[in-house]
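Spelled out from the first residue to the last, the chains are:
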Amino acid sequence: MTTHTNLLGGPEPTYLPENEEAYRLLGEESLAPVEVAAKFPTFSLAWALLADEAFERGAVVESYAYARTGYHRGLDALRRAGWKGHGPVPWEHRANRGFLRCLAALARAAGEIGEKDENERCWQFLKDSSAEAYTELHG
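What you see is a predicted model, and the numbers here were worked out from it, not measured in a lab.

Participant: Could you clarify how one ought to interpret the packing of helix H5 (residues 97-112) against helix H6 (residues 116-129) in this entry?
Facilitator: Any two packed helices are characterised by the angle at which their axes cross and by the distance between the axes. Two elements in contact, H5 and H6, have axes whose closest approach is 7 Å; the angle formed by their N-to-C orientations is 155°. In terms of orientation, H5 lies roughly antiparallel with respect to H6. Once H5 is placed against H6, the crossing between them reads as left-handed. Where H5 approaches H6, its residues Phe99, Leu100, Leu103, Ala104, Leu106, Ala107, Arg108, Ala110 and Gly111 are matched on the opposing element by Glu118, Asn119, Cys122, Trp123, Phe125, Leu126 and Ser129. A per-class count over the contact of H5 with H6 returns eleven nonpolar, three polar and two charged.

Here you go:
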């Protein structure tokens, strides 16, 4: 894992706790994201996967709703992990990726439904949280 040095004195990176059982269910057990979200509603990666699936089949409003749910559950988890509303949320930390993916999915869906301010705000939030995630997900 990369160690981030903050030369400006800002907040330290936030690392969400891992949910090994949820990852196991998605991977080894091949449970559908909808089943994992039902078992672990705070697991943002399941919501991100649901948002992506909905978007790919053209259900943009459904994608928006899934992404917003995962985004808000991720914000709650970040706050519990000590995040104060800003600062790095490193992409390379696996547990952070669900939140970051939800943020990108929310930006994407907001753009598709014409919600320009939300689209721009979410992309900027993603870039501010993790430049690596922004590069990976903004496409």
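Participant: Even after reading the chapter, I still don't get unusual backbone geometry, so can you show me in this structure?
Facilitator: With a phi angle near 55°, Ser30 is a residue other than glycine that sits in the positive phi range. By the secondary structure assignment, Ser30 is in the loop between helix H1 (20-26) and helix H2 (33-39).

Participant: For this particular structure, what's the right way to read the side chain of Asn96?
Facilitator: With respect to the secondary-structure elements, Asn96 resides in the loop between helix H4 (60-80) and H5. Its relative accessible area of 0% is what places Asn96 among the buried residues. Beyond its immediate sequence surroundings of up to four residues, Asn96 is in contact with Thr14, Tyr15, Leu16, Val89 and Pro90.

Participant: Quick question: what am I supposed to make of the packing of H4 against H5 here?
Facilitator: Contact pair H4 / H5: the axes reach a minimum separation of 8 Å and the direction vectors enclose 145°. Remark: the crossing between H4 and H5 carries left-handed chirality. Within the contact between the two elements, H4 uses Val60, Ser63, Tyr64, Ala67, Arg68, Gly70, Tyr71, Gly74, Leu75 and Leu78 and H5 uses Phe99, Cys102, Leu103, Ala105, Leu106, Arg108, Ala109, Ala110 and Glu112. Along the lines of polarity and charge, the residues of the contact of H4 with H5 split into 13 nonpolar, three polar and three charged.

Participant: Even after reading the chapter, I still don't get the pattern of salt bridges, so can you show me in this structure?
Facilitator: When the charged atoms of two side chains lie near each other, side chains of opposite charge can form a pair. With the rule as written, the count across this model stands at eleven salt bridges. For Arg57, the salt bridge goes to Glu62, with nearest N and O atoms at 2.4 Å. Classification of Glu62 by relative accessible area gives partly exposed; the value is 30%. A salt bridge links Arg68 to Glu118, with the shortest nitrogen-to-oxygen separation between them at 2.2 Å. Here Glu118 lies in helix H6 and Arg68 lies in helix H4, a separation of 50 residues in the sequence. Arg68 gets classed as partly exposed once you look at its relative accessible area, which sits at 23%. Several salt bridges share partner residues, and in doing so they unite Glu18, Glu20 and Arg94 into one network.

Conventions adopted
Each residue is numbered by its place in its chain's sequence as written, counting from 1. Local features in this predicted model are restricted to residues of pLDDT 70 or higher, and side-chain atom pairs are both shown and tallied only at a pLDDT of 80 or more, whereas totals for entire chains, interfaces and linings draw on every residue. Side-chain measures were taken over the full set of non-hydrogen atoms in the model, leaving aside hydrogen atoms and water. Here, axes are lines fitted to C-alpha atoms. For helices the fit covers the stretch in contact, and angles between N-to-C directions go from 0 to 180 degrees. Starting at the N terminus, helices and strands are each numbered in turn, a helix being any DSSP run of H or I of at least four residues and a strand any DSSP run of E of at least two. Throughout this description, any angle smaller than 35 degrees is read as roughly parallel, any larger than 145 degrees as roughly antiparallel, any in the 65 to 115 degree range as roughly perpendicular, and the remainder as oblique. Definitions for this section: a left-handed crossing has its near helix turned counterclockwise from the far helix by less than a right angle. A right-handed crossing has that turn clockwise. Residues are treated as being in contact if the distance between any of their heavy atoms lies within 4.5 Å. Each residue is assigned to one class: nonpolar for Ala, Val, Leu, Ile, Met, Phe, Trp, Tyr, Cys and Pro, charged for Asp, Glu, Lys and Arg, and polar for all the others, Gly among them. Note on classification: 1.4 Å probe, protein chains only; a residue is buried when its accessible area is under 20% of the maximum for its type, exposed when over 50%, partly exposed between these limits. We count a salt bridge whenever a side-chain nitrogen from Lys or Arg sits within 4 Å of a carboxyl oxygen from Asp or Glu.

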